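In case you want the letters, here they are:
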Amino acid sequence: MANENNEGTVPFQIMAQYVKDLSFENPTPLNRPTEETDEQPQITVDIQVGVNPIQNKLFEVTLDLTIDAKNEDDQMFLLELSYAGVVALEGIPEEMEDPILMVHTPTLLFPFVRNIASDVIRDGGFPPFMLAPVNFAYMYQQQLAENNEGAEDSVTKH
């Protein structure tokens, strides 16, 4: 049994969570469209996952979120948030580390990111904004495919 030697230890644990950086810009608060207009703002959402090793089996996983809202060419608001968690991995096979750090940890951190973003946007004077759930497994698979494609390109170019 694989667990006999590691009995009583938790293989995957978030040790801490924190806001690393938070910026909210509301450059034209008085030029906001009124509710009478039918124009919908153009909102772009970008989320990135980063992993930095801290020490042996201890990692910092960071979610970087950018929400950019524009009405035609006018900036309505810009939210930039970096939210991180420190993750300890014990007794995890090396091939499982990346999926835990790039999929499972962001999935656990995301509700906090969504809540902070929603509160900041609302407190900035805008209607409630709720981010849709993010499929971090799909993002991870896309990244793996891009990395494999890049590796194949570099092999064929030489």
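Scroll up for the structure.
Residues numbered from 1 in each chain as written. Predicted model: local features only at pLDDT ≥ 70, side-chain atom pairs only at ≥ 80, totals over all residues. Heavy atoms only, no water.

Draft legend 1. Structural view of the overall build of the chain. Scanning the chain from N- to C-terminus turns up two helices and four strands. Its helices and strands in sequence order give the chain the pattern β-β-β-β-α-α, from N to C terminus. For the chain, the residues scored as buried account for 30% of the 158 residues in total. In the chain, the share of contacts with a sequence separation of at least 24, taken over all contacts with a separation of at least 6, comes to 70%. (Helix = DSSP H or I, 4+ residues; strand = E, 2+ residues; numbered from the N terminus. Buried < 20%, exposed > 50% of the residue type's maximum accessible area, 1.4 Å probe, protein only. Contact = heavy atoms within 4.5 Å.)

Draft legend 2. Structural context of the pairing of strand β2 (residues 42-55). Here β2 runs beside strand β3 (residues 58-71); their pairing, made up of 13 bridges, is antiparallel. Within the sheet, the bridge partner assigned to Val-51 lies in β3 and is Val-61. Here β2 folds back onto β3 in antiparallel fashion, the turn holding two residues, of which Lys-57 has a positive phi close to 65°. (Pairing = 2+ DSSP bridges.)

Draft legend 3. Quick peek at the nonpolar core. In terms of nonpolar packing, the biggest core is built from 31 residues, with Leu-65 and Ile-67 touching the most fellow members. Broken down by secondary-structure element, the contributors of at least two residues to this core are β2, β3, β4 (74-89), α1 (94-123) and α2 (136-157). With 10 residues, α1 is the largest single contributor of residues to this core. When sequence neighbours within four positions are dropped, the list of residues in contact with Leu-65 reads Val-45, Asp-46, Ile-47, Leu-79, Glu-80, Leu-81, Val-113, Ala-117 and Leu-131. (Core = buried A, V, L, I, M, F, W, Y, C linked by side-chain atoms within 4.5 Å.)

Draft legend 4. Structural context of the side chain of Thr-62. Within the secondary structure, Thr-62 is located in strand β3. Residue Thr-62 is classed as buried on the basis of its relative accessible area, which comes to 6%.

Draft legend 5. Highlighting the packing of aromatic side chains. Summed over the entire model, instances satisfying the criterion amount to five aromatic pairs. Between the aromatic rings of Phe-24 and Phe-126, the centroid separation amounts to 6.4 Å while the plane-to-plane angle is 70°, which identifies the pairing as edge-to-face. Of this pair, Phe-24 sits in strand β1 (residues 12-25) while Phe-126 sits in the loop between α1 and α2, placing them 102 residues apart in sequence. Arranged with centres 4.8 Å apart and planes meeting at 55°, the rings of Phe-77 and Phe-126 form a pair that is tilted. With a gap of 49 residues between them, Phe-77 in strand β4 and Phe-126 in the loop between α1 and α2 connect regions that are remote in the sequence. Residue class for Phe-77 comes out buried when judged on its relative accessible area of 4%. Cluster of aromatic residues (ring-pair linked, three or more members): Phe-24, Phe-77 and Phe-126. (Phe/Tyr/Trp six-rings, centres within 6.5 Å; stacked < 30°, edge-to-face > 60°.)

Draft legend 6. Layout of the environment of Ala-117. Counting through the fold element by element, Ala-117 comes out in helix α1. The exposure class of Ala-117 is buried, given its relative accessible area of 0%. It is 8.3 Å that separates the C-alpha atoms of Ala-117 and Leu-131, two residues lying 14 residues apart in sequence.

Draft legend 7. Main features of the pattern of salt bridges. For the coordinates displayed, the defined rule picks out five salt bridges. Put simply, Arg-122 and Asp-123 hold a salt bridge, and the shortest N to O gap is 3.1 Å. The exposure class assigned to Asp-123 is exposed, which follows from its relative accessible area of 60%. A cluster of three or more residues bridged by salt bridges with shared partners is formed by Asp-119, Arg-122 and Asp-123. (Salt bridge = Lys/Arg side-chain N within 4 Å of Asp/Glu carboxyl O.)

Draft legend 8. Fine view of the sheet that holds β3. An order of β1-β4-β3-β2 is seen for the four strands of this open sheet, with the pairing classed as antiparallel. Each edge of the sheet is formed by a strand with only one pairing partner; in this case those strands are β1 and β2. Across the sheet, the axes of successive neighbouring strands diverge by a mean angle of 15°, strand direction being ignored. Along the sheet, α1 makes contact with β1, β2, β3 and β4, crossing β4 at roughly 140°. (Axes fitted to C-alpha atoms, helices over the stretch in contact; angles between N-to-C directions.)

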